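# Architecture and fold: a report
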Protein chains: 2
Amino acid sequence: MSQLDTKTRILDAGEHLFARDGFHNTSLRTITSLAKANLAAVNYHFGSKEALLRAVIERRLLPLNQLRKEQIDAVLAEAAATGTAPSAKSLLRAFIEPTLAFRSAGPGAQDFIALVGRSMSEPDETVRNCFIGLVLPNFRLFFESLQRALPQLPTAVLMARVQFTLGAMSHVMCTSNKPPINISAAPQPLDDDELAEQLLQFVSTGLEAPQ
Amino acid sequence: MSQLDTKTRILDAGEHLFARDGFHNTSLRTITSLAKANLAAVNYHFGSKEALLRAVIERRLLPLNQLRKEQIDAVLAEAAATGTAPSAKSLLRAFIEPTLAFRSAGPGAQDFIALVGRSMSEPDETVRNCFIGLVLPNFRLFFESLQRALPQLPTAVLMARVQFTLGAMSHVMCTSNKPPINISAAPQPLDDDELAEQLLQFVSTGLEAPQ
DNA sequence: GATCGATTAAAACACCCGTTTGAAACGCTG
DNA sequence: CAGCGTTTCAAACGGGTGTTTTAATCGATC
């Protein structure tokens, strides 16, 4: 890690600590000491603690958003080509899979996913506004595509079901790097891919449920 | 509020502020000033800030847990009486409905529900451990009942699906008192009862999805 | 009405926070 | 090698934190 430049080391440390302890629970002193940098380096390179958070989120979220957009566009294009409505499940896959697959994109990516997962219900506006602002255009595209896939659902109902979907998804995202609640002597928990497939099955069935 | 004793006023203020701003974002000075009490009163009556949090959670969660247990037991008893397996949907209703209905149990209850909803993915162990410790026995009963309702599902799969259910549920709980993300010009969002019914429909369909 | 435990009150404690400052060290270009 | 913009560094700033202390006030009991 020490051959990377200071800015990157701080981003990595911030990503890890923000994800593990939350934004307000993480001090600049903890970040800079993990990054082996001077305390003032954060304000020098980023301007403030909040700007560092924005940089941490943007670094990963912009590429992730683009990937999601490409996948959704591909689903829409194929539907248009065959003259049919896109299926809800394929849209969900386009939205969910890049996110969960992202976790194996390298060290720190899993931390980042946990950070994003929690951002959705963050009480603090610092984190939530930053996150929502970045993800909203992407999300709007997702929602409007879903409306075309499920035209029989009233908008308000679809919105509620999408909210449930996001809840299930974010919960998986932010608990995937934590020890699970030991509710039962499960022989063996599912691995990441199986979990993603189960999530997809769960939410697509729920989304298409009869009213 | 001012005719209540100091201890109760502090509990109410803590509940409101912990729910709105999070545990670490809320200072004892803010709590005591809202409660019209002296700063030292928290440490006098509760011992510490963390002990206050525990008291806030316990005050509502213990009765809620008992209510949930009664409802689940009733479902199990009726199933036993008719010699059939309990249905997943009725178990879900027994678990979910008391929680959401709790929001109309009085002022502050809605704040509390948001606090609980966020506790499940709380990065800080202070809040999470306190919450998990209290809810775990109740949750175990719920899970084992579900296993009897859906014996064909492997334990690991059921666990994953229950995790999704909790995610959807907690997301509803902690966003129900926030302005919704404006994804679309929805004519009119669902009211609380409709939302609860939609949630129940969504998760019970997902839980019973084919593998 | 005096006494004594329970409660409230104001003040101080020691510590951690994000940010700023000003000087030192570095790395490049001329 | 001199000069200069960039980066690092130690130190301090002002302010907020949870907690503790000490004294004052209250209320019931004798």
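Residues numbered from 1 in each chain as written. Chains lettered and ligands numbered in written order. Predicted model: local features only at pLDDT ≥ 70, side-chain atom pairs only at ≥ 80, totals over all residues. Heavy atoms only, no water.

## Here we look at the packing of aromatic side chains
Residue and element names in this part refer to chain A. Evaluation of the coordinates by the stated rule reveals 11 aromatic pairs over all chains. Relative to F142, the ring of F95 lies with its centre 4.1 Å away and its plane at 15°, an arrangement referred to as stacked. With F95 in helix α5 (residues 88-101) and F142 in helix α7 (residues 125-149), this residue pair connects regions lying 47 residues apart in the sequence. Each member of the pair F95 and F142 is classed as buried. Residues F139 and F142 carry aromatic rings whose centres are separated by 6.1 Å and whose planes lie at 50° to one another, so their mutual orientation is tilted. Here the residue F139 and the residue F142 both occupy positions in helix α7, the gap between them amounting to three residues, near one helical turn. For the pair formed by F139 and F142, the shared burial category is buried. One cation-aromatic arrangement involves K7 over F46; the distance from NZ or CZ to the ring centre is 5.9 Å. (Phe/Tyr/Trp six-rings, centres within 6.5 Å; stacked < 30°, edge-to-face > 60°. Helix = DSSP H or I, 4+ residues; strand = E, 2+ residues; numbered from the N terminus. Buried < 20%, exposed > 50% of the residue type's maximum accessible area, 1.4 Å probe, protein only. Lys NZ or Arg CZ within 6 Å of the ring centre and 35° of its normal.)

## Describing the protein's contact with DNA strand C
DNA strand C sits among 15 residues. The nearest are A:L28, A:R29, A:K49, B:T6 and B:H45. Sugar and phosphate atoms represent 48% of those atoms of DNA strand C found within 4 Å of the protein. Between A:R29 and DNA strand C, the recorded distance is 2.7 Å, taken from a side-chain N or O atom to a base oxygen. Only α2 (28-34) and α3 (40-45) of chain A together with α3 (40-45) of chain B provide two or more residues apiece to the surface near DNA strand C. In terms of residue count, α3(B) provides more of the surface near DNA strand C than any other element does, three residues in total. Each residue belonging to the surface near DNA strand C can be placed in one class, and the counts come to five nonpolar, seven polar and three charged. (Near = heavy atom within 4 Å. Polar contact = N/O pair within 3.5 Å; in protein donor to acceptor, adjacent residues only side chain to side chain. Nonpolar A, V, L, I, M, F, W, Y, C, P; charged D, E, K, R; others polar.)

## Here's the deal with the interface of chain B and chain A
One widely used convention gives an interface's size as the accessible area the parts lose upon coming together. Taken together, the 54 residues of chain B in the interface contact 54 residues of chain A. Summing both sides of the interface, chain B and chain A together bury roughly 4,800 Å²; the carbon and sulfur share of this comes to 71%. At the junction of chain B with chain A, the criterion picks out zero salt bridges. The interface formed by chain B and chain A holds eight residue pairs in polar contact (both at pLDDT 80 or more) in total. For the side of chain B that touches chain A, the secondary structure elements donating two or more residues are α1 (6-21), α7 (125-149), α8 (155-175) and α9 (192-207) of chain B. Sort the elements by how many residues they give to the side of chain B that touches chain A and α8(B) lands first, with 16 residues. Here the side of chain B that touches chain A is built from residues that sort into 27 nonpolar, 18 polar and nine charged. (Contact = heavy atoms within 4.5 Å. Buried area = accessible area lost by both parts, 1.4 Å probe. Salt bridge = Lys/Arg side-chain N within 4 Å of Asp/Glu carboxyl O.)

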